[in-house]
Amino acid sequence: MTAPVFVVGSLDGAAPGTPFTLDGPEGRHAVSVRRLTSGEEIVLTDGQGRGAAGAVLRTEGKDTLVVEVRELRDEPAPRPRITVVQALPKGDRGELAVETMTETGVDTIVPWSAARCITQWRGERGAKSLAKWRATAREAGKQSRRLRFPEVADAATTKQVAALLAEADFAAVLHEEGAEALATAELPAEGSIVLVVGPEGGVSPEELDAFAAAGARPFRLGHSVLRTSTAGTAGVALLLGRTGRWS
């Protein structure tokens, strides 16, 4: 079993052979929930690609863990970078989409208020929903033993999504009527890939036109139609395999 991952604000000062203190909410979780004891393996990360592997030296109280650092790790930024523009699903399906895409290996998630979304983020509700997505990405990153967690961007409008697509090295809109399969698309080895996942009601003709003008083409995943909360994960898995990032 791989060592559990805990998040720290910074690993500045961490060095092999030296003790490092994990406290606060993460320390409390390690001591009082996971009940880690002396000698157990642990990984600390800043969530931005830097990590420290080590073993527990001792616990102090209910929320402090002292770790002996044995190895520092730096995970390079992935290439190509994969971004999913995720239309807002109903209920808690948004968190499900974020969780599974994070565990699969997505790099950036952009919430999108599409025209046909039943759910719309406004005011305080929108802020709370965005916070939930970001917390979900953080916890899923820990669960999947990632050192570099995905960024969950602010919610985007269709105009902002079009601008993002225009800057991408490969831009695609998942669409059941796409003439080309994503599995056969020519993909870049570097740069950025942006994949748009529409809402349950589908991407509107106006949105498709705006995205086409930005250089994005419609692609299908397969013969079956996936829900918006699962399509992004399937798309990310396919892209990771085809770009060699899963090799």
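Rules used in this analysis
- Residues numbered from 1 in each chain as written.
- Predicted model: local features only at pLDDT ≥ 70, side-chain atom pairs only at ≥ 80, totals over all residues.
- Heavy atoms only, no water.
- Phe/Tyr/Trp six-rings, centres within 6.5 Å; stacked < 30°, edge-to-face > 60°.
- Helix = DSSP H or I, 4+ residues; strand = E, 2+ residues; numbered from the N terminus.
- Buried < 20%, exposed > 50% of the residue type's maximum accessible area, 1.4 Å probe, protein only.
- Pairing = 2+ DSSP bridges.
- Axes fitted to C-alpha atoms, helices over the stretch in contact; angles between N-to-C directions.
- UniProt positions renumbered as here; feature names shortened; annotations may be inferred.
- Contact = heavy atoms within 4.5 Å.
- Domains from an automatic or database assignment.
- Buried area = accessible area lost by both parts, 1.4 Å probe.
- Salt bridge = Lys/Arg side-chain N within 4 Å of Asp/Glu carboxyl O.
- Polar contact = N/O pair within 3.5 Å; in protein donor to acceptor, adjacent residues only side chain to side chain.

**Quick notes on the packing of aromatic side chains**
A complete count under the given rule lists three aromatic pairs for this structure. Considering the side-chain rings of tryptophan 121 and tryptophan 133, the 5.0 Å spacing of their centres and the 80° angle between planes classify their relative orientation as edge-to-face. Of the two residues, tryptophan 121 sits in the loop between strand S7 (108-112) and helix H3 (123-143) while tryptophan 133 sits in helix H3, which places them 12 residues apart along the sequence. In this pair, the class of tryptophan 121 matches that of tryptophan 133, namely buried.

**Some words on the sheet that holds strand S5 (residues 64-74)**
Here we have five strands laid out as an open sheet, ordered S1-S3-S4-S5-S2, and mixed in their pairing. Edge positions in the sheet fall to strand S1 (5-7) and strand S2 (19-22), since each of these pairs with one other strand and no more. Averaged over all adjacent pairs, the angle separating strand axes in this sheet is 45°, with direction ignored. Judged from the three bridges that link them, S1 and strand S3 (residues 41-45) form a sheet pairing that is parallel. In the strand pairing of S3, valine 7 is matched with threonine 45.

**With respect to the UniProt feature "domain: Ribosomal RNA small subunit methyltransferase E PUA-like" (unreviewed entry) in the protein chain**
Feature annotation in UniProt assigns "domain: Ribosomal RNA small subunit methyltransferase E PUA-like" (unreviewed entry) to the following positions: residues 22-69. Its end C-alpha atoms 12 Å apart, residues 22-69 is made of 21% helix and 48% strand.

**Describing the environment of serine 144**
With respect to the helices and strands, serine 144 occurs in the loop between H3 and strand S8 (151-152). Sequence-wise, serine 144 and glutamate 68 are 76 residues apart; in three dimensions their C-alpha atoms are separated by 23 Å. With sequence-adjacent residues up to four places away left out, serine 144 is seen in contact with Thr102 and Glu103.

**Comments concerning the domain arrangement of the protein chain**
Many structure descriptions define interface size as the accessible area lost when the parts assemble. Looking at the assigned domains, one finds that the protein chain contains domain 1 (5-74) and domain 2 (81-243). Placing a centre on the C-alpha atoms of domain 1 and another on those of domain 2 gives a separation of 33 Å. At the interface, 13 residues of domain 1 touch seven residues of domain 2. Summed over both partners, the interface of domain 1 with domain 2 buries about 820 Å², with 59% contributed by carbon and sulfur atoms. Of all residues in domain 1, the largest losses of buried area upon contact with domain 2 belong to Val5, Val7 and Gly47, amounting jointly to 52% of the total for that side. On the surface where domain 1 and domain 2 come into contact, there are one salt bridge. Remark: the boundary between domain 1 and domain 2 carries six residue pairs in polar contact (both at pLDDT 80 or more). Secondary-structure elements contributing two or more residues to the side of domain 1 that touches domain 2 are S1, S3 and strand S4 (50-60).

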